[in-house]
Structure formats: C-alpha cells, structure tokens
Amino acid sequence: MSLRNEPLDWHFESNEPYIPIYHKGDLVGFFKPEYAGEIIKFLNEEEVLKKSTKNGLY
C-alpha cells in the first residue's frame, strides 16, 4: 500500500500531454509541454554554435 497520494515517478499519467522530441533522427524522450521548448533549445545550441563558428561569426 502506497502512503503517497500522488503518482509514482515512473508512472505515466495518461491525462497529461507529453511531446516526443527527436534530435538528429533519434528519439530523445517524451516531455511535458512546459519543458519541451527549453530542451529543444538546449539540443540545438551545439548546432547553432557550429554554424556560427564555421561562418566566422565568433
């Protein structure tokens, strides 16, 4: 019997939306919408940095 009134961390709540995020063709994971934008921004930072140094911006 669980003493917690909230779902366990490893349980999936089907009433909450999750967004699949892919990076370079691979599935990174499923995230809540409030975190998805920041995760995508972080994953793309490396590519943006490579492009900017290649074009002589830094």
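Remember, it's a predicted structure, so these values are computed and weren't measured experimentally.

Visitor: Please set out the pattern of salt bridges residue by residue, giving values where relevant.
Guide: For side chains bearing opposite charge, pairing can occur when the charged atoms are close. Throughout the structure, instances matching the rule amount to 3 salt bridges. Across the salt bridge formed by Glu16 and Lys32, the nearest N and O atoms sit 3.0 Å from each other. Taken as a pair, Glu16 in the segment before strand 1 (19–23) and Lys32 in the loop between strand 2 (26–31) and helix 1 (33–54) lie far apart in primary sequence, 16 residues in all. Look at Glu16 and you get partly exposed, because its relative accessible area is 28%. Residue Lys32 is classed as partly exposed on the basis of its relative accessible area of 26%.

Visitor: Would you mind going over unusual backbone geometry in detail, with residue names and values included?
Guide: Among all residues save glycine, negative phi is the norm, and among peptide bonds the norm is trans. Positive phi, close to 55°, is recorded for Lys24, a residue that is not glycine. Its place among the elements puts Lys24 in the loop between strand 1 and strand 2.

Visitor: Before we move on, can you summarise a nonpolar patch on the surface with the specific residues and values?
Guide: On the surface, Tyr22, Leu27 and Phe30 cluster together into a nonpolar patch covering about 350 Å² of accessible area. Tracing the backbone through its elements, the reader meets Tyr22 in strand 1. On the basis of relative accessible area, Tyr22 is assigned to the exposed category, the value being 55%.

Reading the values: rules and limits
Residues numbered from 1 in each chain as written. Predicted model: local features only at pLDDT ≥ 70, side-chain atom pairs only at ≥ 80, totals over all residues. Heavy atoms only, no water. Salt bridge = Lys/Arg side-chain N within 4 Å of Asp/Glu carboxyl O. Helix = DSSP H or I, 4+ residues; strand = E, 2+ residues; numbered from the N terminus. Buried < 20%, exposed > 50% of the residue type's maximum accessible area, 1.4 Å probe, protein only. Patch = residues over 30% accessible without salt bridge, like charges linked within 9 Å, V, L, I, M, F, W, Y side chains within 5 Å. Areas by Shrake-Rupley, 256 points an atom, 1.4 Å probe, with all protein chains shown as cover.

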